[in-house]
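Structural overview
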Amino acid sequence: KLIPRALDLRPEWRRAFDEGRVVPVRDFINSPMSLNHFRVPLTYEHIETLVVDVRSRNAQIHEQRLHYFEDIDPNHLVDQLHSMLCSWYPQTENVDSQKWSKFAKDYELIPGMQDPMRVAQVDLAMRRQFKKKDGTFDRGGKMTRAQLRQALTEVAFTKFPVFVDPDKEKLEKQQREEAAEASRLKNLAGRVDHETLRKHEIVVGGRGGSLLDRFKESAAMTGKLGAREAAPEQNIIAAFKFVGRENKALRTPSESSEEEENEVTAEDWEWFKMDTLKHLLFEKTVMIPEMNKRAWREAKILAIKEEGLRQCASIRVQARHRMRWYRALYLCKLGAVVCIQAYGRRYMYHRFYLVRRRQMDLSQLYRYRILSSYRLQSWLRYTQISREYKVRVAEERRDKRERAIARRKEQHERRLTRDRATVFRRTKRMAGVMVCLRIERLDPSRMNACIDYGMKLKVFVPQSQKTYTFILDDLEVRLAIEGHVGRDGLSGAEILDPDNIMAIADRLLVRVINGKPVVIFSRRGRAERGKQVHKVGKFIGIGAPGEDGEVKDSEDLEKAAVKKGTQYVVTCFHSDDEIVFHAYNNRNCETLRTSITTRFIKAWIEQDEERKQAKERSEFLKRVADARKTLRLHATGIEQDEDDLREAQKLVDQHNLEQKKEDQEAIAEGEALPAPAPGTSRPSTVDAVADEGVGRARTDESIKREGAVPGAPRLVHPLLMKENLLLLLQWLIDRLRIVEYRRAGEDRERHRLILEYELEEVAVEKAAMSLQGLWKMMQSIKRIRLMLCANWEKRWDR
C-alpha cells in the first residue's frame, strides 16, 4: 500500500533504512570482541554474519539491528557527538562555543535558526553550563560530555515544551491562591534540586518546534495547543504530574496510594529529561552521516548481544543433550561390564562352594550332628511358640466374644429405634454426587404416632463423609405433600406413602462450593406438570444459523448449529397439551428447560413433511428437465452416452405417466384444465421449472400452497399417534439446540435450551443486535465530531 509523503509518519532514519540508503557494513572482521554466556564464548565476527539485514519479516530468523535502533542509549549518542565535534578542525579536547554554534546552525537543532531569538536560546543553553556563583558566565569555557548532555537537554526542552492547559489553570487559580506555598512545598520538597529546576526553564508556546507525542495526544483531545506563555515553575510541575501519572500506571496496586497521586520523584524527572533528549537526537542529530554510521553500529552491537545470548543458550542446550546421550551410552556399557564381572565372580565362588560342600559331605559325623541340632532346635521352638499361641488365642477369643455380645445388644437397640422411626430410605445421585437419604419420624413413640407427622431428613454424602440434617414440623410436611398430590385433608396412610414422601426428597439440592458438595433443602417443589416419560443422554450442539454463511435448508441449518456442544441428560415430561424438556449438564450442574405445545408440534411436523415432499418433487423435476435437455441434444445430432439416453428416456416416460395420471384425476373430480393458446401446447411442470431456473428459492408459504390439495383426506402423521410417543420424543430430542447469550454487565456466556425451529429467531435477534451496535457506534462518532468542532480553536503565534 502506497502512502503519500505528506502522510508518511516514519522517522527519517527509518525512511533511509527502508529506501536502502543504509549500506550494511562488516564492522567486526578480525575483531577480538566476544561474548560469554552459559560458559559458551562467541566472537562478534561470528555473530555478525547472523544479524544481517533481512527485509522480509517472514524470513527474519535472527535479531536485526533495525529492531534495536530505538533502544540506543541517548548518553552513547551524546558521547559520540562530543567525539565528532572535538574532531572538527581545529581538534580540541572539549567543545567550544564556535563548534557548538556551527553544529546548531548546520544541523538546525531548533527550527528557525535564522531567528536571532533561537540563536540566543542555543547560546544560553551552553553558557548556563559555565555559570559562576557570582552570576557571571565563563565565556572561554569548553563543554565536557556531561555539560554537552545538559546543554542538549535544555535545547530539547526548548524545542519540545511542556503543555499547560489554560482553562484548567483558570479553574485552579483560586485554589492555588489559598494554598500556594503548601502545594509548592508538597510538590517540590525532597523530589528535585531547586538549582536543577531553575536551570531548566521550560516555556510553553515558543515559536517553531512541535510537542512530544504524548503531549500532542493530550492537546489534540482538548483542542487547544497552548500558544501562550506560562511560568517556568508551573511548566515543571505539570511535567512532573504527567510523568507521575505515567509511572503510576506501571506500578502494582500495592505500591500506589492516595497520597502518591500527585507526587513526582526525582527518577520520574530524570526519565522525562532523558526521553526529551532522545526525541531531539533521533530527529536530526542521528541523520548526520558520521553519527548515523555510529548509531547503526551501536544498534548492531545491541542486536549481536541479544543474538549472542540466544546462540549461547542453544549451543549450551545442544551440548547438554549430547552429554546426556553419551553419558547414557557410557552407563549402559558400564552396566554390561559390571554384570559380566558379577557373573564371573559368582561362577568362580560357586565352584569353590561345591568343592567345600563335597568335603563336608564326606564327614558322616559332622552331618549327623548338624541334622540332630536342627531337629532339636526346631522341636524346641515349635513347642514354645505353640504353647504361647494357644494361651493368647484363648484370651483373644474370650475378649472378642464379650465385646461382640455387648456391641450387638447396643446395635440391636439402635436398629429397633431406627426402624420404628424410619419411613423412607433411598440412595441416589444428585448433581453427579452419590448421597444416602433417610427420612425419620421426629417422635416415633406410639402415643404421638397418629398426631405428629413431623419428619427429620438425614442426608449422608460419602464423598465428604458428612451428614446433613433437616427438620420439618407437621404443618410443613402436610403442606408439601398436599401441594404434590393436589388436594387437602390427607390421612396418615397418605402422608406416609413412599410416593408422596418422595416429593419431599425431591426438594433436596446439591451445590458444589469450593470443590465440596453441600446439600440444601429447597422450600419450593421442582416437579413439572405431567409425568416423566423418557430420560436419555444426548449430545446437544451449541450454535446458531448464519454465523459462517447462508443457511438454505434444514440440513444446512443442522450442520451450522451442531459444531460444538456438551453431553446432557435429557428428561421429558408429558402432559395433555405440553411436552417439557430438562437438559442436565453433569460438569457444571446446570439444568436447562424448554417446552412445546402439542398443537405446535402437529403444525411443525406437517410443515417439515411438506417441505421434504416439495424438495423431493423439485429434485425430481430438475432431473426430468436435465433428461429432456439430453434428449433434445441427441435429437439435434450431438452424440450422447447410451446409458444416459436410456436413463433420460426412462425419467421422461415416468414423468409423462405421472402427469397423465394427475390430469385424469383432475378430470374425474370435475376440474377443467386451462385451454392452451392456439398453436401452442400447455407447458409441463418440467418445462416451467426449466424456464424459471433450477436454483429458484422456495419458501415455506410456497410449499404450503403447492402441497395443499382441496378435498384430499387429512391423514395423521405416524409420530402423532399415541403408541409412537417415544418416537415423537426422540424426534424432538434430535432437534434440541443450545444457544449462547450474554446479559448486560456480565462477562461469561449463558446457555439457553431451544428447539430447532427457534434457531432462525435467534439468528434474526443476533443480526438486529449487531445492527443496533453499528447504529449506536455511528451516532457516537457523530457526537464526538460535533464536540471536537465546538471545542476546537485556532490561534496564531505572537
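Cut-offs used in this document
Residues numbered from 1 in each chain as written. Predicted model: local features only at pLDDT ≥ 70, side-chain atom pairs only at ≥ 80, totals over all residues. Heavy atoms only, no water. Pairing = 2+ DSSP bridges. Helix = DSSP H or I, 4+ residues; strand = E, 2+ residues; numbered from the N terminus. Axes fitted to C-alpha atoms, helices over the stretch in contact; angles between N-to-C directions. Contact = heavy atoms within 4.5 Å. pLDDT = per-residue confidence, 0-100. Salt bridge = Lys/Arg side-chain N within 4 Å of Asp/Glu carboxyl O. Core = buried A, V, L, I, M, F, W, Y, C linked by side-chain atoms within 4.5 Å. Buried < 20%, exposed > 50% of the residue type's maximum accessible area, 1.4 Å probe, protein only. Patch = residues over 30% accessible without salt bridge, like charges linked within 9 Å, V, L, I, M, F, W, Y side chains within 5 Å. Areas by Shrake-Rupley, 256 points an atom, 1.4 Å probe, with all protein chains shown as cover. Lys, Arg positive; Asp, Glu negative; His and termini not counted. Charge placed at Lys NZ, Arg CZ, Asp CG, Glu CD.

1. Concerning the sheet that holds strand 6 (residues 466-472)
If you trace the four strands from one edge of the open sheet to the other, you get 3-4-5-6, paired in antiparallel fashion. Single-partner strands in this sheet number two, and they are strand 3 (422-430) and strand 6. Taking the axes of each pair of neighbouring strands and ignoring which way they run, one obtains an average angle of 15° across the sheet. Two elements, strand 4 (residues 433-441) and strand 5 (residues 455-461), share six bridges in a ladder whose sense is antiparallel. Within strand 5, the residue paired with Glu-440 across the bridge is Lys-456. The strands that helix 15 (residues 364-421) touches are strand 3 and strand 4; relative to strand 3, the one it contacts most, it runs at about 85°.

2. Structural notes on the confidence of the model for the protein chain
For the protein chain, per-residue confidence averages 77 on the pLDDT scale, and 76% of positions sit at 70 or higher. Confidence over residues 246-262 falls short of pLDDT 50; this stretch has nine contacts with residues more than four positions distant or in other chains. Below pLDDT 50 for its whole length, residues 672-713 participates in 34 contacts with residues either more than four positions away or in separate chains.

3. Structural notes on the side chain of Thr-566
Tracing the chain through its elements places Thr-566 in strand 10 (residues 564-574). The residues contacting Thr-566, other than those within four sequence positions of it, are Lys-538, Phe-539, Ile-540, Ile-542 and Asn-585.

4. Digging into the pattern of salt bridges
Taken as a whole and judged by the stated rule, the model has 33 salt bridges. A salt bridge links Arg-611 to Asp-608; the nearest nitrogen and oxygen atoms lie 3.8 Å apart. A residue pair is termed a helical-turn pair when its members lie 3 or 4 positions apart in one helix, as Arg-611 and Asp-608 do in helix 20 (residues 598-635) at three residues. Linked through salt bridges whose partners overlap, the residues forming this network are Asp-8, Arg-10, Glu-12, Arg-14, Arg-15, Asp-18, Glu-19 and Arg-21.

5. What about the environment of Leu-496?
On the secondary structure map, Leu-496 appears in the loop between helix 17 (492-495) and helix 18 (498-505). Taking C-alpha positions, Leu-496 is 8.6 Å from Tyr-453, a pair spaced 43 residues apart along the chain. Excluding residues that lie within four positions of it along the chain, Leu-496 makes contacts with Val-423, Arg-441, Tyr-453, Met-455 and Ile-501.

6. What about the nonpolar core?
If you look at the biggest cluster of nonpolar residues, it comprises 42 residues, and the most contacted ones within it are Phe-69, Leu-81, Trp-100, Phe-103, Leu-109, Met-143 and Leu-152. Taken together, the elements giving at least two residues each to this core come down to helix 1 (12-18), helix 3 (74-87), helix 4 (97-106), helix 5 (116-127), helix 6 (145-159), helix 13 (266-283) and helix 14 (289-361). Broken down by element, the residue count for this core peaks at six residues, all from helix 3. Beyond its immediate chain neighbours, meaning those up to four positions away, Leu-109 contacts Trp-100, Phe-103, Ala-104, Leu-152, Val-155, Lys-159, Leu-280 and Thr-285. Core analysis: the next-biggest nonpolar cluster, separate from the first, contains 27 residues, Leu-437, Tyr-453, Met-455 and Met-502 among them.

7. Re a negative patch on the surface
Taken together, the side chains of Glu-395, Glu-396, Asp-399 and Glu-402 present a region of like negative charge at the surface. Looking at where Glu-396 falls in the secondary structure, it is placed in helix 15.

8. A look at the pairing of strand 8 (residues 516-521)
What you see with strand 8 is a clean split: Pro-517, Val-519 and Phe-521 sit on the buried side and Lys-516, Val-518 and Ile-520 on the side with no burial. Direction of pairing for strand 7 (residues 508-513) relative to strand 8: antiparallel, over a ladder of six bridges. If you follow Val-512 over to strand 8, its bridge partner there is Pro-517. Linkage of strand 7 to strand 8, two consecutive antiparallel strands, is achieved through a turn of two residues, within which Asn-514 is found at a positive phi near 55°.

9. Regarding a positive patch on the surface
On the surface, a cluster of positive charge is made up of Lys-400, Arg-403, Arg-407 and Arg-408. Mapped onto the elements, Arg-408 comes out in helix 15. Among the residues examined, Arg-408 registers a relative accessible area of 58% and is labelled exposed.

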